[in-house]
Structures are given as C-alpha cells and as structure tokens.
Amino acid sequence: MAKITYVEHDGTEHVVDVPNGLTVMEGARDNGIPGIEADCGGACACSTCHVYVAEDWVEKLPAKEAMEEDMLDFAYEPDPARSRLTCQLKVSDELDGLRVQMPEKQI
Ligand code: FES
C-alpha cells in the first residue's frame, strides 16, 4: 500500500491509499481523480496518463522502458526528467509518499 498525492493542475490535492500491484494510473481512476484520462486503459499506447513526478521522486522511481519513453513524446509538454506515464508505474510500498502533478491537459 502506498499513500499517493495526486495534484491537479489548479493545485487541488487528492491523497489516496493505493494497493500494491495496481498502477499509479489505476489508483487515480479507481478514486475518481480528474486529470488522468488513460484512454488506452493502461497499454502504454495513448500518453493520456501523463504526470510530472515531484523532483525528489525522479531518481527513486524505476527507469523508463523504451516504450514509455517513446509514448511520452506524444504527451502534452513533457519534461525530460519529471514526466512519467502513470500506467507504467506499479505501486508498491516503495512508492509510499509519491507526489505527482497532472499537466494542464492531456494532449
Ligand atoms: Fe494509455 Fe498510459 S493509459 S499510455
């Protein structure tokens, strides 16, 4: 279980407990958090689950696979360091305290 803070573009924060094994995208979807659309359902094929992770989390997360890297090119204003696709981030205890910010819009 990990406590994850999702921050909308306007600064509205949602703090939720997400069970291990789900993705960060599924944690948002299951809790009705706006700003992560996930059009492809988690197949790494749409880039509408894009977020910016907090600076201090960039190094702590598992590295991006090539597919995620490629899809991020299609995201809205991706940041080379902080952008991630939430459907590619598996939740575990190690992600407890993660903070992600949604972009102004998803593509
Ligand atoms: Fe489509 Fe993540 S949900 S790329």
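Residues numbered from 1 in each chain as written. Predicted model: local features only at pLDDT ≥ 70, side-chain atom pairs only at ≥ 80, totals over all residues. Heavy atoms only, no water.

Per an unreviewed UniProt entry, the protein carries the name 2Fe-2S iron-sulfur cluster binding domain-containing protein and comes from Mesobaculum littorinae. Quoted verbatim from the Cofactor (unreviewed entry) field of UniProt, the annotation for the protein is "[2Fe-2S] cluster". As recorded by UniProt, the Sequence similarities (unreviewed entry) comment attached to the protein reads in full: "Belongs to the adrenodoxin/putidaredoxin family." (UniProt positions renumbered as here; feature names shortened; annotations may be inferred.)

(A) Quick peek at the packing of aromatic side chains. Enumeration according to the criterion identifies 0 aromatic pairs in this entry. Its guanidinium or amino end placed over the ring of Trp57, Lys60 lies 4.2 Å from that ring's centre, counting from NZ or CZ. (Phe/Tyr/Trp six-rings, centres within 6.5 Å; stacked < 30°, edge-to-face > 60°. Lys NZ or Arg CZ within 6 Å of the ring centre and 35° of its normal.)

(B) Main features of the pattern of salt bridges. Scanning all chains against the criterion turns up 5 salt bridges. Of the charged contacts, one joins Arg84 and Glu68 as a salt bridge, the two residues approaching to 2.8 Å between their closest N and O atoms. Of this pair, Arg84 sits in strand β4 (residues 83-85) while Glu68 sits in helix α2 (residues 66-72), and the two are 16 residues apart along the sequence. In this pair, the class of Arg84 matches that of Glu68, namely buried. (Salt bridge = Lys/Arg side-chain N within 4 Å of Asp/Glu carboxyl O. Helix = DSSP H or I, 4+ residues; strand = E, 2+ residues; numbered from the N terminus. Buried < 20%, exposed > 50% of the residue type's maximum accessible area, 1.4 Å probe, protein only.)

(C) The pairing of strand β1 (residues 2-7), seen in detail. With 5 of its 6 residues buried, β1 lies for the most part within the structure. Of the strand pairs in this sheet, β1 and strand β2 (residues 13-18) are connected by 6 bridges, and their pairing is antiparallel. Among the inter-strand pairings, Ala2 is bridged to a residue of β2, identified as Val18. Turn length for the β1-β2 hairpin, with the two strands adjacent in sequence and antiparallel, is 5 residues, and the turn residue Gly11 shows positive phi of about 100 degrees. Pairing of β1 with strand β5 (residues 99-101), which is carried by 3 bridges, proceeds in the parallel orientation. By the bridge assignment for β5, Thr5 is matched with Arg99. (Pairing = 2+ DSSP bridges.)

(D) Broad picture of the nonpolar core. Ile4, Tyr6, Val24, Ile36, Cys49, Leu61 and Leu98 are the most contacted members of the largest nonpolar core, which has 29 residues in total. Every element with two or more residues in this core is listed here: β1, β2, α1 (24-30), β3 (50-53) and α2. Residues in contact with Tyr6, not counting those within four places in the same chain, are Thr12, Glu13, His14, Val16, Val18, Val24, Gly27, Ala28, Ile33, Ile36, Val100 and Met102. (Core = buried A, V, L, I, M, F, W, Y, C linked by side-chain atoms within 4.5 Å. Contact = heavy atoms within 4.5 Å.)

(E) The arrangement of the sheet that holds β3 in detail. Strands sit in the order β2-β1-β5-β3-β4 across an open sheet of 5 strands; the sheet is mixed. In this open sheet, the two strands that pair with only one neighbour each are β2 and β4. Averaged over all adjacent pairs, the angle separating strand axes in this sheet is 35 degrees, with direction ignored. As judged from the 3 bridges shared by β3 and β4, these two strands associate in the antiparallel manner. When the bridges of β4 are listed, Tyr52 appears paired with Ser83. (Axes fitted to C-alpha atoms, helices over the stretch in contact; angles between N-to-C directions.)

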